[in-house]
Every structure is written in structure tokens, then in C-alpha cells.
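The primary structure of each chain is shown beneath.
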Amino acid sequence: MEQPPSAYLDPGCPSSFRDVVGHERWFEALISNLRNEHASGAHQPIALVGATGVGKRTVARIYAKALVCERELDTRRDAAPCRTCDECLAFDRSSFAYVEVDARHFGRLDQDDERVDERAQVNAVHSLIERDGGLNTASVRVVVINNAEELAGAAADVALKTLELEISSSLYVFLVNDETRFSAALRSRCSVFRIGPLSVEGMVGRLLPLCRQLALRSDEAAIRAIARAANGSFGEALGMFRRVAAHGDLTIESLVREPEFGWGSTMLACWRAVLLDRCDEALTLFGQVGRDGPMRMKAMQGFLVACQLHRLLGTVPPVGSVSPALDLVSPVDWGRVMDDWAAWSARTDLPVDEAMDRMVGFWAGLQADMSWEASFVRGMSVLTAERKASSG
């Protein structure tokens, strides 16, 4: 492989709105907004609102590049940047027409009360606004402020005044992760686009071509597992893709080497040991689930729910129902652990459904920061106590 996967995995690499699969429902509105800006010469501020990793920065860069592109807008398909004019070429290198900053870095963090130093923020905003634009050859400067909800009151006020003064020379784009913390005054001046999580199909549609581009051997099941685990965040999906691709391919075998995907078979082995009264072995196996205690606790909760679903449906839990790690477990292994539940129930005279309900209730009531060893031992003692009560 001539280039590392990270060379291709920049979320800003799509070159048009249509390349960002999964958000088509509001791209027409963005393209319409772009046409209005070209026609009027006025640049209404934009707020792109959505969880981290859903594609806000990617869309902001495409929008900015489309705005400064020198070709006539009507000659471009879907208003996409041409990628060949001087401004487009400069944009990909280092453009004076595009400024991107992070509001979290505007001030310093006061170690005594953990509040942002507003004066430092205000100074930083002033510096950004007053930055010399004399070298900019484009008709507009685009300023993208990431994590815009971090702007404190005074800094937000300075930004608000700037919006009113620079509407014909600069476009301000605010990338907002938490709308409840974003300045209401700033939001009222913006065209707001709320970006929801990317669908599993949308992510698969992006990741499969990326595998082909990188000449990586891939299993669609592995790609789909990554897409489900990302919970709508393409940024999260790319992070997982990078880690798995470091093994050289995107197969199930590579995927299960990662802690968040490989714990399914270990958890089943752990519970087979529990149900065969090999509790020391079970504790050791539980310690091999995931990378840390909170992941182990969450995995245990997911496994027990998956067992209930398996019991209810009489088959492997449906794809994506609980966890990608459990979806990767073979039907044969699921059949074995369910047989062990049945054999355990016959020995203890405690119905499987009742035992599962009690275990789900116990593990669901635990806090993620509790000791996983102590929680496991306590959970087994609860199961043993219920067994003795039922047997007696």
C-alpha cells in the first residue's frame, strides 16, 4: 500500500454535497441557500447543528469551497466546486479565503473554577475578525467556528456585532454540537441546518467504496458492524475504520481484534463457565472482555438482553438489535450457550426466563464506575442465592 489509510480518511475529502451520503434531505436547502448568496452578494450566517462526527465540518468545507469557486454557479452540477479554478486549487492548499478556528481554544481554562476566561475569548474573537484579508483574492472570506457553543457571553456579543457589519464580505459558519448552549442571539441571525445522525446504509455506502479505493479486502458484515457501532457518527466510523485497517484488511477476523468488537465470543465463553459452575474461570474470562471496566459492565448488560431476545425469538438476535460484537457470534455458539442455560435450569429447578430477568435487573442497576470484579462476584452470589432458594 503506497499511502497509509489515514491519507484517505479525511472527513473533508468529499468534493460535493452529493458525495456526503445520508444527508440528502437537506442538501437541496443548502444548495438553494448558496444560490441566494451568489445572487444577492449578502452572506447570511449559517449554523450547522448536530452531534460530533455527523459531518458538519465536511459540509462547511464543501459549502465554503463552492462559494469561492470562480466558475459560474449554473455551470456546476449540484452547485459543487469545480476543483480546477485558482480558488479551488488554493483552497486545497492554504487559502486566504477560508479560516477555521475552534472556540474551545479561544480562551484559557481557569484551574480554580474551570470557567473559560471571557476576556481571552473576546480578544481571540477580535483577532479573528481583524485578521488582514488583503491577500484574499476571492470575493468572500469564509470563517468557520467549530464548537461554537463554547463562545461565552461577551465573545458571542462581539461575534454578533461582526455578523451585522460583515454580511457582504464574510460568511460565518458556526458548527454547533450542543444547541442548548449556543447563543440564542447568534442563532437568531443564522440560517440553521440541524443535521441528524447518518444512517447505517449511508455509512456503508461511504465505507465500501473507501475499501475499494484502498484496495483493502473487506467483508460487508464487518463494514456494517462498524456502521452500527458508530451510532450515526461518521467521524466515529472513520476512527474504527482506521484502527481495523491497520491490520491490513476489513474482514471479520480483523474486526474482532478490536476490543469493542471482539468481546462477543469471550462473553459467551464466560457465561458457559458460569452455567457450568466454573466461577473462577468465568471471572478470568470476564476480565478479558473489552478494554476496561465500564465496557465490561455494558457488555454484560448487552449480553443478558441478547439472551432474552434469543429466548423470545428462538433464534440469534436480529442484526443490530443489541451490539455488533454479539451480532458477530456464530449461531452455533449461541446455540451452545442457550443449551447450557437450559441444562443449568434443569439442575437448579429455576426457570431460565426468571433467572435471566433477575440477572438483567441486577446488572442494569449497577453504575458504570463500580468495580467490575466486585460486581461480577456479587452477581454470581445473587444467582447462587436464587438457586438455593429455589432448590430448597
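Draft legend 1. Quick peek at the state of the cysteines. Applying the stated criterion to the full structure yields 0 disulfides. We note that Cys69 lacks a disulfide partner, and the nearest cysteine sulfur, in Cys82, lies 3.5 Å from it. Free of any disulfide, Cys88 has its nearest cysteine sulfur in Cys85, 3.6 Å distant. Take Cys88: its relative accessible area is 0%, and that puts it in the buried class.

Draft legend 2. Quick look at the pairing of strand E5 (residues 191-194). In E5, alternate side chains face the same way, and those of Ser191 and Phe193 are buried while those of Val192 and Arg194 on the opposite face are not. As paired elements, strand E1 (residues 46-49) and E5 share 4 bridges and run parallel to each other. By the bridge assignment, Leu48 is partnered in E5 with Phe193.

Draft legend 3. Structural context of the pattern of salt bridges. Going through the model one piece at a time under the given rule, you end up with 19 salt bridges. Measuring nitrogen to oxygen at the nearest pair gives 3.1 Å for the salt bridge that ties Asp327 to Arg228. Here Asp327 is found in helix H14 (residues 324-327), whereas its partner Arg228 is found in helix H8 (residues 220-229), with 99 residues between them in sequence. One exposure class covers both Asp327 and Arg228, and it is buried.

Draft legend 4. Molecular detail of the sheet that holds E5. With parallel pairing, the 5 strands of this open sheet are ordered in space as E2-E3-E4-E1-E5. This sheet does not close on itself; its edge strands, each paired only once, are strand E2 (98-102) and E5. Neighbour-to-neighbour, the strand axes of the sheet open up by a mean angle of 15°, direction not taken into account. Of the strand pairs in this sheet, E2 and strand E3 (residues 141-146) are connected by 5 bridges, and their pairing is parallel. Note that in E3 the partner of Glu100 across the bridge is Val144. Sheet strands in contact with helix H2 (residues 56-68) are E1, E2, E3 and strand E4 (170-176), and its direction is about 170° off that of E4.

Draft legend 5. How the structure looks around the nonpolar core. The biggest cluster of nonpolar side chains holds 41 residues, and the ones touching the most others in it are Trp271, Phe303, Trp341 and Trp363. Looking at this core, the elements that each hand over two or more residues are helix H11 (259-275), helix H12 (279-286), helix H13 (293-313), H14, helix H15 (331-348), helix H16 (352-364) and helix H17 (372-391). Here this core takes 8 residues from H11, the largest share from any one element. Excluding residues within four positions of it along the chain, Phe303 makes contact with Met267, Leu268, Trp271, Leu326, Trp334 and Val337.

Draft legend 6. Expanded view of the side chain of Ser345. Residue placement: Ser345 occurs in helix H15. A distance of 2.6 Å separates a polar atom in the side chain of Ser345 from the backbone oxygen of Leu350. Once residues within four sequence positions are removed from consideration, Ser345 is found in contact with Leu350, Pro351 and Val352.

Draft legend 7. Spatial organisation of H12. Within H12, the full set of buried residues consists of Ala282, Leu285 and Phe286. Buried positions in H12, seen along its axis, are confined to an arc of 100° and lie on one side of it.

Draft legend 8. View of H16. In this model H16 runs 18 Å from its N-terminal to its C-terminal C-alpha over 13 residues, within 8% of the 18 Å that 1.5 Å per residue would give. Listed in full, the buried residues belonging to H16 are Val352, Ala355, Met356, Met359, Val360, Phe362 and Trp363. Buried residues of H16, seen end-on, are gathered within an arc of 165° and therefore sit on one face of the element.

Draft legend 9. Region of interest: the packing of H11 against H13. Relative to each other, H11 and H13 sit at 60°, their axes nearing to 10 Å. Crossing of H11 against H13: the hand is right-handed. Every residue of H13 that contacts H11 at Pro259, Glu260, Trp263, Met267, Leu268 and Trp271 is listed here: Met295, Arg296, Ala299, Met300, Phe303 and Leu304. Of the residues belonging to the contact of H11 with H13, the class tally is 10 nonpolar, no polar and 2 charged.

Draft legend 10. The environment of Val144, seen in detail. Structurally, Val144 can be placed in strand E3. With relative accessibility at 0%, the residue Val144 sits in the buried group. Expressed as a C-alpha distance, the spacing of Val144 and Ala47, which sit 97 residues apart in the sequence, is 9.7 Å. Non-local contacts of Val144, meaning those with residues more than four positions away in its chain, are made with Ala60, Tyr98, Val99, Glu100, Val101, Val173 and Leu175.

Cut-offs and rules
Once a new chain begins, its residue numbering starts again from 1 and follows that chain's sequence as written. It should be noted that, the model being predicted, local features are given only for residues of pLDDT at least 70 and side-chain atom pairs only at 80 or more, the latter also being counted only at that level, while totals for whole chains, interfaces and linings use all residues. Water and hydrogen atoms play no part in the side-chain values, which are based on all heavy atoms of the structure. Pairs of cysteine sulfur atoms within 2.5 Å are identified as disulfides in what follows. Only protein chains enter the calculation, and the probe is 1.4 Å; a residue is then buried if its accessible area is under 20% of its type maximum, exposed if over 50%, and partly exposed in between. Strands are runs of DSSP state E lasting at least 2 residues, helices are runs of H or I lasting at least 4, and numbering of each runs from the N terminus. In this description, strands pair whenever DSSP reports at least two bridges between them. Salt bridges are defined as contacts in which a side-chain nitrogen from Lys or Arg sits within 4 Å of a carboxyl oxygen from Asp or Glu. Where helices are involved, their axes are fitted lines through C-alpha atoms of the stretch in contact, as for all axes, and angles between N-to-C directions lie from 0 to 180°. Two residues qualify as a contact provided that any one of their heavy atoms is within 4.5 Å of a heavy atom in the partner residue. Grouping buried Ala, Val, Leu, Ile, Met, Phe, Trp, Tyr and Cys residues that are joined through side-chain atoms within 4.5 Å yields what is termed a nonpolar core. Definition of a polar contact: a pair of N or O atoms within 3.5 Å, with one able to donate and the other able to accept a hydrogen when the atoms are protein atoms, and with sequence-neighbouring residues admitted only if both atoms are side-chain atoms. Here the arc refers to the set of directions running from the helix axis out to each C-beta atom. Expected span, for any helix, means 1.5 Å times one less than how many residues it has. Crossings are assigned a handedness: left-handed for a near helix turned anticlockwise from the far helix by less than a right angle, right-handed for a clockwise turn. Three classes are used, and their members are as follows: Ala, Val, Leu, Ile, Met, Phe, Trp, Tyr, Cys and Pro are nonpolar, Asp, Glu, Lys and Arg are charged, and the others, Gly among them, are polar.

Keep in mind these numbers describe shape, not what the thing actually does.
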